[in-house]
Amino acid sequence: KHTDDTTHADSAQLSWKKTIDKCKQNGAIITSQVHKRVHALIVSDAAVQNATQRVRKAIKLGIPIVDIGWIEACIKAGNRVDWAEYLRNDEAKDAADAKKKATENVSGGDGCNVKFDASNEDANAVSGWSESVELDCCCVCHENGDVECPWCTGETECNLTKQRLGKGT
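The notes below deal with the structure included here.

Rules behind the numbers
- Residues numbered from 1 in each chain as written.
- Predicted model: local features only at pLDDT ≥ 70, side-chain atom pairs only at ≥ 80, totals over all residues.
- Heavy atoms only, no water.
- Salt bridge = Lys/Arg side-chain N within 4 Å of Asp/Glu carboxyl O.
- Helix = DSSP H or I, 4+ residues; strand = E, 2+ residues; numbered from the N terminus.
- Buried < 20%, exposed > 50% of the residue type's maximum accessible area, 1.4 Å probe, protein only.
- Core = buried A, V, L, I, M, F, W, Y, C linked by side-chain atoms within 4.5 Å.
- Contact = heavy atoms within 4.5 Å.
- Polar contact = N/O pair within 3.5 Å; in protein donor to acceptor, adjacent residues only side chain to side chain.

**A few points about the pattern of salt bridges**
And then number 1: Summed over all chains, the structure comprises five salt bridges.
And then number 2: The salt bridge partner of Asp67 is Arg88, with a shortest N-O separation of 2.6 Å. In this pair, Asp67 is assigned in strand E2 (residues 65-67) and Arg88 in the loop between helix H4 (69-77) and helix H5 (89-107), connecting sequence segments 21 residues apart. When sorted by exposure, Asp67 lands in the same class as Arg88, which is buried.
And then number 3: In this structure, Lys93 and Asp97 form a salt bridge, with 3.4 Å as the shortest nitrogen-oxygen distance. Placement of the pair is Lys93 and Asp97 together in helix H5, with a separation of four residues, close to one helical turn.
And then number 4: Under the relative-accessibility criterion, Lys93 is labelled partly exposed at 41%.
And then number 5: Here the salt bridges share partners, and the residues they tie into one network are Asp45, Asp67, Arg88 and Glu91.

What follows is the structure, encoded as structure tokens:
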């Protein structure tokens with residue numbers, strides 16, 4: 001139980017920061033990006049279940065996806081332990097496949113547009129959509145803090161960039 005004023009999100013962030021600090025203290029090199037030189041992607045349950053962009057990229061590159069519990073096991077053992085029992089690649093692939101299938105079912109495969117059968121007014125009426133809805137930008141720049149993203153800061157700034165700059169939507 002928390003006795004201070006931190007929220008659950010704050011405590012989760014502190015926990016993540018503590019984990020990073022522990023990794024660095026034990027010789028790890030941390031990067032926020034997933035690329036071919038990454039040795040492993042350390043993940044939480046939520047990252048696997050939501051098939052985050054980093055998880056999907058690790059799958060694509062064949063990088064081991066390892067549960068965060070492995071870090072504690074290594075620290076407790078005083079050296080690197082076998083991560084075989086901490087691998088989450090199969091679960092991550094299943095979650096990514098399910099996410100892709102759900103996106104294809106809703107959007108018709110392109111991930112952006114919901115398509116309705118104009119001849120079936122009853123189905124369209126119960127769908128809940130009566131006008132277009134602007135969705136948040138899904139560019140990775142919002143995850144990694146890149147304020148120079150050409151897609152989000154160009155002529156047509158995305159709604160998240162407008163919000164960050166105080167320009168409204």
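There is more to say after this.
**Considerations on the nonpolar core**
And then number 1: Within the largest apolar cluster, 11 residues are counted, these being Val34, Val38, Leu41, Val43, Ala47, Val48, Val55, Ala58, Ile63, Ile65 and Ala92.
And then number 2: Setting aside residues up to four positions removed in sequence, Val55 forms contacts with Leu41, Val43, Ala47, Val48, Ile65 and Ala92.
And then number 3: Core analysis: the second largest hydrophobic core is formed by nine residues, Cys23, Ala40, Val66 and Cys74 among them.

**Remarks on the side chain of Arg88**
And then number 1: By relative accessible area, Arg88 is classed as buried at 9%.
And then number 2: Reaching out from Arg88, the side chain makes a polar contact with the side chain of Asp45 at a distance of 2.7 Å.
And then number 3: Side-chain polar atoms of Arg88 contact the side chain of Asp67, separated by 2.6 Å.
And then number 4: With residues near it in sequence (within four places) discarded, Arg88 still touches Val43, Asp45, Val48, Ile65, Val66 and Asp67.

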